[in-house]
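Chain by chain, the residues:
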Amino acid sequence: MHPSADPPTPSKFFPETRTVWIAQQLSEGDAGRLSVNGYIMGAYLKPLTAYCGAIGLAASVRCDPGEFVHDFFASRLKDQNYLKSWIESGTRLRRWLRNGLHLYSHERRRSFAKDRVAGHDESNEPSQTTQEAEQLFERTWALAALELAMSETKADLEKRGRMVEWEIFWAHHIEGVAYAPLGERFGLTSGQAGQRAFAVAESLRNALAVVLRQDGAIGSELDAEVRAMMEALGGR
């Protein structure tokens, strides 16, 4: 599970940044770094794997995309300075990781080339154009972010014994069920059903904002990105 919506203040070792929680965790030593690494692998494994497969990075060294991304994480995240360098860069985390994947691919290809006879290898050819692969990466990352936010929201409701509110939210916003029949189903008025769905939507927006802040979004970007992702959720 990713951290709460109110991350702690970073230590003075780090400048005030858009990535408060990650900076704080890194300042707490190995335990904090492992916590960050777990979050990053959970949030970015799927989009990076999809991108890796689409652009042919893993195929260039005859490797499975999922295995390739796991190897990339193992190579980079063991170095505590890797994420410190990201913090200093001001780049969105998903783009930093995507660029890092390309650098890792160059390293693997150089190593791979030493062990094989040079020549044309059709497996090196990307299955999609760079633009298409980047679009796939962004879509897959958005879905992964939504899944994280939904998981956090549902876990919080379940802990409080209020999963019925999630059912109302999902039925109305995703399945298109009107509030009146939902109220009848759950023994509520139409207005009460609407209030519960609205409260869940607010919790989900807050959870999405946490994920986006951890990716490096600043305040002026959050509203538009959360709105776009909530619209994507409604179109699933």
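Residues numbered from 1 in each chain as written. Predicted model: local features only at pLDDT ≥ 70, side-chain atom pairs only at ≥ 80, totals over all residues. Heavy atoms only, no water.

**With respect to the overall build of the chain**
For the record, the criterion: A helix here means a DSSP run of H or I that spans at least four residues, while a strand means a run of E at least two residues long, and both kinds are numbered starting from the N terminus. Relative accessibility under 20% of the residue-type maximum defines a buried residue, over 50% an exposed one, and the middle range a partly exposed one, all with a 1.4 Å probe and only protein chains included. Whether two residues are in contact is decided by their heavy atoms: any pair within 4.5 Å suffices. Note that accessible areas follow from Shrake-Rupley with a 1.4 Å probe, and for residues the cover is restricted to the protein chains shown.
When you go through the chain residue by residue, the secondary structure sums to 10 helices and zero strands. When the helices and strands of the chain are placed in sequence order, the string is α-α-α-α-α-α-α-α-α-α. For the chain, the proportion of its 236 residues judged to be buried stands at 43%. For the chain, contacts bridging at least 24 residues in sequence account for 68% of all contacts bridging at least 6. In the form shown here, the chain has an accessible surface area of approximately 12300 Å², with 51% of it arising from carbon and sulfur atoms.

**With respect to the pattern of salt bridges**
To keep things clear, this is the line we draw: By convention in these notes, a salt bridge is any Lys or Arg side-chain nitrogen within 4 Å of a carboxyl oxygen on Asp or Glu.
All told, the structure shown has 11 salt bridges when counted by the stated rule. The residue Arg160 makes a salt bridge to Asp156 at a minimum N-O spacing of 2.9 Å. Within the structure, one salt-bridge network assembled from shared partners comprises Arg92, Arg94, Glu138, Asp215 and Glu225.

**What about helix α2 (residues 30-55)?**
Since one α-helical turn is 3.6 residues long, residues separated by three or four positions face the same way. Basically, it comes down to this: The angle between axes fitted to the seven-residue stretch ending at a residue and the seven-residue stretch beginning at it gives the bend at that residue.
At Tyr44, α2 shows its largest kink, close to 50 degrees, and the proline Pro47 lies no more than four residues downstream. Downstream of α2 by a residue or two, Gly56 has a phi angle that is positive, lying close to 85 degrees.

**Considerations on the nonpolar core**
In globular proteins that are soluble, nonpolar side chains generally tend to be buried together. To keep things clear, this is the line we draw: Nonpolar cores were defined as sets of buried Ala, Val, Leu, Ile, Met, Phe, Trp, Tyr and Cys residues, with membership established by side-chain atoms within 4.5 Å.
Core analysis: the largest hydrophobic core is formed by 56 residues, its most contacted members being Ile40, Tyr44, Leu48, Phe68, Leu83 and Leu101. Once you skip the residues sitting within four places of it in the chain, Tyr44 turns out to touch Phe73, Leu93, Arg94, Leu97, Trp141 and Asp215.

**Comments concerning the side chain of Ser105**
Put simply, the test is: Two N or O atoms count as a polar contact when they lie within 3.5 Å, although within protein this holds only if one can serve as hydrogen donor and the other as acceptor, and sequence-adjacent residues are included solely when both atoms are side-chain atoms.
One can find Ser105 in helix α5 (residues 93-113). Looking at Ser105, the relative accessible area reads 1%, which means it is buried. A polar side-chain atom of Ser105 sits 2.6 Å from a polar atom in the side chain of Arg109. Filtering out sequence-adjacent residues up to four positions away, Ser105 remains in contact with Leu57, Ser60 and Phe68.

**Focus: the packing of aromatic side chains**
We apply this condition: Aromatic rings from Phe, Tyr and Trp, with only the six-membered ring used for Trp, were paired whenever their centres fell within 6.5 Å, and each pair was classed as stacked if the ring planes differed by under 30 degrees, edge-to-face if by over 60, and tilted otherwise.
Enumeration according to the criterion identifies nine aromatic pairs in this entry. Seen in terms of ring centroids, Tyr51 and Phe137 are 5.7 Å apart; in terms of plane orientation they differ by 65 degrees. Their pairing is edge-to-face. Of the two residues, Tyr51 sits in helix α2 while Phe137 sits in helix α6 (residues 130-159), which places them 86 residues apart along the sequence. Residue Tyr51 shares its accessibility class with Phe137, and that shared class is buried. Where Trp166 meets Phe169, the ring centres are 5.2 Å apart and the plane angle is 45 degrees; that geometry is what we call tilted.

**Remarks on the packing of α2 against α6**
To characterise two packed helices, one gives the angle between the axes of the helices and the distance between these axes. Which entries qualify depends on this criterion: Note on geometry: axes are C-alpha line fits, over the in-contact stretch for helices, and angles between N-to-C directions span 0 to 180 degrees. Note on angle classes: values under 35 degrees are labelled roughly parallel, values over 145 roughly antiparallel, values of 65 to 115 roughly perpendicular, and the remainder oblique. Helix crossings fall into two classes, left-handed where the near helix is turned counterclockwise from the far one by less than a right angle and right-handed where it is turned clockwise. Each residue is assigned to one class: nonpolar for Ala, Val, Leu, Ile, Met, Phe, Trp, Tyr, Cys and Pro, charged for Asp, Glu, Lys and Arg, and polar for all the others, Gly among them.
Running from N to C, α2 and α6 cross one another at 155 degrees; their axes reach a closest spacing of 8 Å. In terms of axis orientation, α2 runs roughly antiparallel to α6. Crossing handedness for the pair α2 and α6: right-handed. Packed against α2, whose contacting residues are Tyr39, Ala43, Tyr44, Lys46, Pro47, Leu48, Ala50, Tyr51, Ala54 and Ile55, the element α6 presents Thr130, Ala133, Glu134, Leu136, Phe137, Thr140, Trp141, Ala144, Glu147 and Leu148 at the interface. Each residue belonging to the contact of α2 with α6 can be placed in one class, and the counts come to 15 nonpolar, two polar and three charged.

**A look at the confidence of the model for the chain**
Convention followed: Confidence scores labelled pLDDT are given residue by residue by the predictor and lie between 0 and 100.
Counting all residues, the mean pLDDT for the chain is 82, and 83% of those residues have values of 70 or more. Contacts from residues 117-126, a stretch scored under 50 in pLDDT, to residues over four places away or in other chains number 11 contacts.

**Observations concerning the state of the cysteines**
Quick reminder of the rule: Throughout, disulfides are identified as pairs of cysteine sulfur atoms within 2.5 Å of each other.
With the rule as written, the count across this model stands at zero disulfides. The thiol of Cys52 is unpaired, and the distance to the nearest cysteine sulfur, on Cys63, comes to 7.5 Å.

**Describing the packing of α6 against helix α7 (residues 163-173)**
It is at 7 Å that the axes of α6 and α7 come closest, and there the two elements cross at 140 degrees. With respect to α7, the axis of α6 lies oblique. Residues Met150, Thr153, Lys154, Leu157 and Glu158 of α6 form the contact with α7, whose participating residues are Met163, Glu165, Trp166 and Trp170. Counted by class, the contact of α6 with α7 contains five nonpolar, one polar and three charged residues.

**Section: the environment of Leu77**
Mapping Leu77 onto the fold places it in helix α3 (residues 65-77). Given a relative accessible area of 5%, Leu77 falls into the buried group. Once the C-alpha coordinates of Leu77 and Ile40 are considered, the two residues, 37 residues apart in sequence, prove to be 9.3 Å apart.

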